[in-house]
Amino acid sequence: MQSDTTTSSTDVPEGQAEVVVSDLVRKARLAQAVYAEFDQGGVDEVVTAVAWTLLEPASNRRLSEQAVADTGLGRVEDKIIKNHRKTLGLLRDLKRARTVGVVAEYPELGLIEMARPVGVVGAVVPSTNPVATPYNKTLNALKGGNAVILAPSPKGDAVCEELVGLMRAALRRVGAPEQLVQKLPSPISKAMTHEMMRQVDLVVVTGSQSNVRAAATCGTPAIGVGAGNVPSIVDETCDIGLAADKITASKTFDNATSCSSENSMIVVSDVYDPMIEALQDRGARLLDSQEKERLRSAMWSDGRLSGRVTAKSADEILDQAGIERGGRSVSIILVEEDVPDAGSKFSDEKLSPVLTVFRARDFDHASDLAEAVLDIKGKGHSISIHSQNDKRILQLGLK
């Protein structure tokens, strides 16, 4: 990697964030001006070359191992799968998309649609997905003809440095300016990240609520994704075994680092007990009231989710809470709640294989409980349903 990819910590005097970021943005604008002359074939070659640096199996494994080692979050094998599938899926989605010059014509309306880059994209990425997310944002930015500056989390700084080096080498190989992809200098700071948000042309942010709010108020157009906290409804028409398989797979994958991972399961009373039993058959552990309080104390300190449990396995979390596992490994920790309650914290996003369970009288009650969960956190993000009743699925979507 060229020495101008980042600035070392000794090169960033206190209070000089504006100057340092200005230099990165200047380089990005110069690179983007050259890139703006690429035709669609050239842009697609750039996107494919950069994507291959993660799709290449050895690189994927090395970056995944480094991500887990540096952040202490998630599982290597799951990150390998996540990195591969998200990158390959994005390439599929981008493959035939036109992003250069005339992209559509509507002669019956007398309209011609043309695409132009926004310029320099500032991409804020989280520690929970320090490889897949920066690749995803970079590929999207490059497909649109833009330059990108990555702002990793402090824990993800080193692996971001590594992946930026791989991307820039790929850019050189296909004759594109390597300054199309840069990252903020180490050590990563809030001041530097916020300054980047102010100076770029578009901010794309994933991560903490403070970063999302900062992006929304920085004065630059911004696209942000807030907290997850997905409630999942299980009604009496569902295939219980299939629902249990899917919830277990989703909740355990990469130790529930995904914002689309279930955080609450709302089960209609008629199938409540069979559903709990199905999850227990798949390694879940239902806590009693005393164990639940020990878990609460271990997970939240001063109202904040502890980093000691974030993206850890169920076994690690139970051990930290001093809860016996009965000599076996646990897949998911189940905690029962009567109603969604902001004060209890179990209705929040938990970023761990801890699943809060609610019992609903019927589907309408389940829908109301899901809405109450999202009113606490996660409104506008996601919800899921396990049902064979198409009318209910549509009803939930409309609500």
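In what follows, the structure referred to is the one given above.
Bear in mind that the values here come from a model prediction, so they are computed numbers and not experimental data.

## Things to note about the sheet that holds strand 10 (residues 285–286)
Pairing between the strands of a sheet is mediated by backbone hydrogen bonds and can be parallel or antiparallel. Ordered by their spatial adjacency, 6 strands build an open sheet running 10-13-14-9-8-15, and the pairing between neighbours is parallel. The open sheet has two edge strands with one neighbour each: strand 10 and strand 15 (384–386). Pairing analysis gives 5 bridges linking strand 9 (residues 262–268) to strand 14 (residues 354–360), with the strands arranged parallel. Bridge pairing in strand 14 links valine 267 to arginine 359.

## Concerning the packing of aromatic side chains
Remark: the centre distance and the inter-plane angle together describe each pair of aromatic rings, the angle taken between the planes. Under the criterion given, the structure shown has 2 aromatic pairs. Seen in terms of ring centroids, tryptophan 300 and phenylalanine 346 are 5.1 Å apart; in terms of plane orientation they differ by 90°. Their pairing is edge-to-face. One end of the pair, tryptophan 300, is in strand 11 (residues 300–301); the other, phenylalanine 346, is in the loop between strand 13 (333–336) and strand 14, and 46 residues separate them in sequence. We classify tryptophan 300 as buried; its relative accessible area is 10%.

## Considering the nonpolar core
Core analysis: the biggest nonpolar cluster contains 61 residues, and Tyr135, Ile149 and Leu184 have the highest contact counts within it. Counting 18 residues, the second-largest nonpolar core is a separate cluster that includes Ala244, Met265, Met275 and Leu334.

## A few points about the side chain of glutamine 182
Structurally, glutamine 182 is set in strand 5 (residues 181–183). Within polar-contact distance, the side chain of glutamine 182 engages the backbone oxygen of glutamine 179 at 3.4 Å.

## As for the pattern of salt bridges
Evaluated as defined, the whole model comprises 31 salt bridges. Aspartate 319 is paired through a salt bridge with arginine 325; the nearest N and O atoms lie 3.1 Å apart. Because the salt bridges share partners, they merge into one network encompassing Glu18, Glu195 and Arg198.

## A look at unusual backbone geometry
With an omega of -5°, the peptide bond between serine 186 and proline 187 qualifies as cis. Position of proline 187 relative to the elements: it lies in the loop between strand 5 and helix 7 (190–199). The phi dihedral of asparagine 229 is positive, around 80°, even though this residue is not glycine. Assignment of secondary structure puts asparagine 229 in the loop between strand 7 (222–225) and strand 8 (230–234).

## Description of the sheet that holds strand 6 (residues 202–206)
Ordered by their spatial adjacency, 5 strands build an open sheet running 5-4-3-6-7, and the pairing between neighbours is parallel. Only two strands of the sheet have a single neighbouring strand rather than two, namely strand 5 and strand 7. Strand-to-strand twist of the sheet, defined as the mean angle between neighbouring strand axes without regard to direction, takes the value 15°. By the bridge criterion, 5 bridges tie strand 3 (residues 120–124) to strand 4 (residues 147–151) in an arrangement that is parallel.

## Examining a nonpolar patch on the surface
Residues Val102, Ile112 and Met114 make up a contiguous nonpolar surface patch of roughly 300 Å² in combined accessible area. Overall, methionine 114 belongs to the exposed group, its relative accessible area being 62%.

## Focus: the environment of aspartate 362
Of note, aspartate 362 is situated in the loop between strand 14 and helix 13 (363–376). When the C-alpha positions of aspartate 362 and aspartate 270 are compared, they lie 8.2 Å apart, and in sequence the two are 92 residues distant. A polar contact is formed between the side chain of aspartate 362 and the backbone nitrogen of histidine 365, at a distance of 2.8 Å.

## A look at the side chain of threonine 257
Topologically, threonine 257 is positioned in the loop between helix 9 (240–252) and strand 9. On the basis of relative accessibility, which here comes to 2%, the residue threonine 257 falls in the buried class. Among the polar contacts made by the side chain of threonine 257, one reaches the side chain of lysine 82 at a distance of 3.0 Å. For threonine 257, the side chain forms a polar contact with the side chain of aspartate 254, separated by 2.8 Å. In this structure threonine 257 touches Gly74, Lys82, Thr128, Asn129, Ala311 and Leu351, once residues within four positions along its chain are discounted.

## With respect to helix 6 (residues 157–173)
Under the 1.5 Å per step criterion, the end-to-end length of helix 6 is 25 Å for 17 residues, consistent within 8% with the ideal 24 Å. Within helix 6, 12 of the 17 residues are buried, which leaves it mostly tucked inside the rest of the structure. Buried positions along helix 6 lie against helix 2 (40–55), helix 3 (57–71), helix 5 (132–143), strand 4 and strand 5.

Conventions adopted
- Residues numbered from 1 in each chain as written.
- Predicted model: local features only at pLDDT ≥ 70, side-chain atom pairs only at ≥ 80, totals over all residues.
- Heavy atoms only, no water.
- Pairing = 2+ DSSP bridges.
- Helix = DSSP H or I, 4+ residues; strand = E, 2+ residues; numbered from the N terminus.
- Phe/Tyr/Trp six-rings, centres within 6.5 Å; stacked < 30°, edge-to-face > 60°.
- Buried < 20%, exposed > 50% of the residue type's maximum accessible area, 1.4 Å probe, protein only.
- Core = buried A, V, L, I, M, F, W, Y, C linked by side-chain atoms within 4.5 Å.
- Polar contact = N/O pair within 3.5 Å; in protein donor to acceptor, adjacent residues only side chain to side chain.
- Salt bridge = Lys/Arg side-chain N within 4 Å of Asp/Glu carboxyl O.
- Axes fitted to C-alpha atoms, helices over the stretch in contact; angles between N-to-C directions.
- Patch = residues over 30% accessible without salt bridge, like charges linked within 9 Å, V, L, I, M, F, W, Y side chains within 5 Å.
- Areas by Shrake-Rupley, 256 points an atom, 1.4 Å probe, with all protein chains shown as cover.
- Contact = heavy atoms within 4.5 Å.
- Expected span 1.5 Å × (residues − 1).

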